[in-house]
Amino acid sequence: MTFQTLDDLDDGQRVLVRLDLNSPVEDGTVQDNRRFDRHAETISELVDRGFEVAVLAHQGRPGRDDFVSLSQHADILTEHIDHDVDFVDETYGPQAIHDIADLDAGDVLVLENTRMCDDELPEEDPEIKSQTEFVQTLKNEFDAYINDAYSAAHRSHASLVGFPLVMDAYAGRVMETEYEANTAIAEKEFDGQVTMVVGGTKATDVIDVMTHLDEKVDDFLLGGIAGELFLRAAGYPVGYDIDDANLYDEQWEENSEKIETMLEDHRDQITLAVDLAYEDEHGDRAEQAVDDIDEKTVSYLDVGSETVMEYSPIIRDSEAVFVKGALGMFEDERFSVGTAGVLEAIADTDCFSVVGGGDTSRAIEMYGMEEDEFGHVSIAGGAYIRALTGAELVGVEVLQR
Ligand SMILES: Nc1ncnc2c1ncn2[C@@H]1O[C@H](COP(=O)(O)OP(=O)(O)O)[C@@H](O)[C@H]1O
Ligand SMILES: O=C(OP(=O)(O)O)[C@H](O)COP(=O)(O)O
């Protein structure tokens, strides 16, 4: 490992710490999850060592329902570290600078959602990000920058790649452990069948990575939004938006060519759902074989039971299984059949497994499984599958300079 860690940092300094607290939001309420647990270890260590700590993090994407303030995150973090965490509703404005100046040893202050600043997005070269007003203003307030956000390290955003170019930069404990685990996993070789379960809502991330994993992975089992897009490419009348959610059409525009090429060149490596589940007029789960769908009139929220029956033996025969993204909206028990079914099949075998994703890893406890039934549970989704390809993550690269 070539980056500096908290072991290289003298106690008691004023530090700017980038966490990934990006969480599911239900009806405006931020849901506690494994990311808080893991980052709490880094923050607790900094508090115990007398650092003055300001936290940078993002939540959601502009224009989506999950794009909310970090005020609730500060409260959740308080519970996890059993120590007061303050919040200021600015990222680098005058009030934020004032509150940062007021920090004493052991204080923790969460700054507002980085994605509320114009400079944070879009993805640009680290050099450009390092010159933004956001980075240039905050850098003067701190002795060092710590990046603990491995799960966001595939994004070239200001708060992730700008600071290491203009400040002393270190990896936090989560960055360190996730980097070590995922790099070792990427280097593993398997004699037997390697399976990747691909779901979730961020189809663009997974499709891009799938095109680089076709030699490493023998079988991709599809579900979630990516699964429906693949079904669309295979000629089924699904995989487009029928409401305001904007889950499918934009990602279809971005990826349709890649999906069609994957289907043409690697059809034998791709297993698609044979049935899908939706909410019927009584509010119950109903299932429909994909061959019987003439027109998409409902939102499909899970893969069906037949699909789980087809995926389970493939998992049982695998030497390694990688999961990225949920097969359905598992937070609602009616639509947990696909995600819980696949995770249970993995837990029941002695294959090597990795379950990744801030959201997906929540399903483990939610459906009565234990973390130690899996080889590695990563709080990263897109970052970990990108690491599997052997590619460096931009946020890690800048720490290694
Ligand atoms: N068919 C679907 N419709 C709506 N949401 C879905 C569907 N399938 C999966 N999801 C949602 O995907 C989320 C996980 O997406 P994503 O962020 O890509 O994965 P992760 O957080 O695991 O990286 C879950 O919260 C789940 O509710
Ligand atoms: O949740 C995240 O990624 P993940 O869903 O792939 O685990 C990261 O916080 C990155 O968020 P983004 O995909 O909105 O850039």
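Cut-offs used in this document
Residues numbered from 1 in each chain as written. Chains lettered and ligands numbered in written order. Predicted model: local features only at pLDDT ≥ 70, side-chain atom pairs only at ≥ 80, totals over all residues. Heavy atoms only, no water. Axes fitted to C-alpha atoms, helices over the stretch in contact; angles between N-to-C directions. Helix = DSSP H or I, 4+ residues; strand = E, 2+ residues; numbered from the N terminus. Parallel < 35°, antiparallel > 145°, perpendicular 65-115°, else oblique. Left-handed = near helix turned anticlockwise from the far one by under 90°. Contact = heavy atoms within 4.5 Å. Nonpolar A, V, L, I, M, F, W, Y, C, P; charged D, E, K, R; others polar. Buried < 20%, exposed > 50% of the residue type's maximum accessible area, 1.4 Å probe, protein only. Pairing = 2+ DSSP bridges. pLDDT = per-residue confidence, 0-100. Salt bridge = Lys/Arg side-chain N within 4 Å of Asp/Glu carboxyl O. Arc of directions from axis to C-beta. Near = heavy atom within 4 Å. Polar contact = N/O pair within 3.5 Å; in protein donor to acceptor, adjacent residues only side chain to side chain. Areas by Shrake-Rupley, 256 points an atom, 1.4 Å probe, with all protein chains shown as cover. Core = buried A, V, L, I, M, F, W, Y, C linked by side-chain atoms within 4.5 Å.

A.B. asks: How do you make sense of the packing of helix α9 (residues 224-233) against helix α10 (residues 249-266) when you look at a structure like this?
C.D. replies: How two helices sit against one another is set out by the angle between their axes and by the gap between those axes. Packing of α9 against α10 leaves a shortest axis separation of 9 Å and a crossing angle of 60 degrees. Classified by the angle their axes make, α9 and α10 are oblique. Considering the relative orientation of α9 and α10, their crossing is right-handed. Contact residues: Ile225, Leu229, Phe230, Arg232 and Ala233 in α9; Asp249, Gln251, Trp252, Ile259, Glu260, Met262 and Leu263 in α10. Among the residues making up the contact of α9 with α10, the classes are represented as 8 nonpolar, 1 polar and 3 charged.

A.B. asks: Looking at this model, I keep getting lost on the pairing of strand β7 (residues 144-147). Mind explaining?
C.D. replies: Two faces make up the sheet, and in a regular strand the side chains alternate between them. Residues Ala144 and Ile146 line one face of β7 and the alternating positions Tyr145 and Asn147 line the opposite face, and both faces are buried. Direction of pairing for strand β1 (residues 14-18) relative to β7: parallel, over a ladder of 4 bridges. Along β7, the bridge assignment pairs Val15 with Ala144. The sheet contact formed by β7 and strand β8 (residues 169-171) spans 3 bridges and is parallel. Within the sheet, the bridge partner assigned to Tyr145 lies in β8 and is Ala169.

A.B. asks: Would you explain the confidence of the model for the protein chain in this entry?
C.D. replies: It should be kept in mind that the predicted coordinates are not to be read in detail where pLDDT is low. Chain-level statistics for the protein chain give a pLDDT mean of 96 and a share of 100% at 70 or above. By mean pLDDT, the top-scoring element of the protein chain is strand β4 (residues 52-56) (99), and the lowest-scoring one is helix α13 (residues 362-366) (92). Among the prediction metrics, the complex's ipTM stands at 0.96, with pTM recorded as 0.95.

A.B. asks: Mind showing me how you'd approach the pattern of salt bridges here?
C.D. replies: Working definition: two side chains of opposite charge can pair if their charged atoms are close together. Within this structure, the stated rule accounts for 21 salt bridges. Between Arg155 and Asp205 there is a salt bridge, with the nearest N and O atoms lying 2.8 Å from each other. Separated by 50 residues along the polypeptide, Arg155 in the loop between β7 and α6 (158-162) and Asp205 in helix α8 (residues 203-210) bring together distant segments of the chain. With relative accessibility at 13%, the residue Arg155 sits in the buried group.

A.B. asks: For this particular structure, what's the right way to read helix α2 (residues 71-81)?
C.D. replies: Three- or four-residue spacings in an α-helix give side chains the same orientation, since the helix completes a turn every 3.6 residues. Listed as buried for α2 are His73, Ala74, Ile76, Leu77 and Ile81. For α2, the arc enclosing every buried residue in end-on projection is 165 degrees, short of the 170-degree limit, so these residues lie on one face. Packing partners of the buried residues in α2 comprise β3 (29-30), α1 (34-48), β5 (86-87) and β6 (108-110). Immediately beyond the C-terminal end of α2, within one or two residues, lies Asp82, with a positive phi of roughly 55 degrees.

A.B. asks: Would you explain the site of ligand 2 in this entry?
C.D. replies: Around ligand 2 sit 13 residues in total, of which Asp20, Arg61, Arg155, Lys202 and Gly382 are the nearest. Here an oxygen atom of ligand 2 and a side-chain polar atom of Arg115 are 2.8 Å apart. Within the backbone of Gly382, one N or O atom sits 2.7 Å away from an oxygen atom of ligand 2. Burial of ligand 2 by the protein amounts to 94% of the accessible area it has alone, namely 390 Å². A breakdown of the residues in the shell around ligand 2 according to their chemical character gives no nonpolar, 6 polar and 7 charged.

A.B. asks: Please clarify how the sheet that holds β4 should be interpreted in this entry.
C.D. replies: Hydrogen bonds between backbone groups are what pair the strands of a sheet, and the pairing can be parallel or antiparallel. Overall, parallel pairing links the 6 strands, which are arranged β5-β6-β4-β1-β7-β8 in an open sheet. Looking at strand neighbours, the two that pair on one side only are β5 and β8, the edges of this open sheet.

A.B. asks: Is there a simple way to explain the nonpolar core in this structure?
C.D. replies: Note on soluble globular proteins: their nonpolar side chains tend to be buried together. Judged by nonpolar contacts, the single largest core of 99 residues is most densely connected at Leu111, Leu138, Phe220, Leu222, Phe230 and Phe322. Each residue touching Phe322, except ones within four places of it in the same chain, is listed here: Ile185, Phe190, Val194, Thr195, Met196, Val197, Phe352, Val354, Tyr384 and Leu388. Grouped together as the second largest cluster of nonpolar side chains are 29 residues, Leu6, Leu19, Ile43 and Ala144 included.

A.B. asks: What should I look at first to understand the site of ligand 1 in this one?
C.D. replies: Around ligand 1, 20 residues are found, and the nearest of them are Thr201, Lys324, Glu331, Asp359 and Thr360. Between ligand 1 and Glu331, the relevant distance is 2.4 Å, taken from an oxygen atom to a side-chain nitrogen or oxygen of the residue. In isolation ligand 1 has 570 Å² of accessible area, and contact with the protein removes 91% of it. Broken down by class, the residue content of the shell around ligand 1 amounts to 7 nonpolar, 9 polar and 4 charged.

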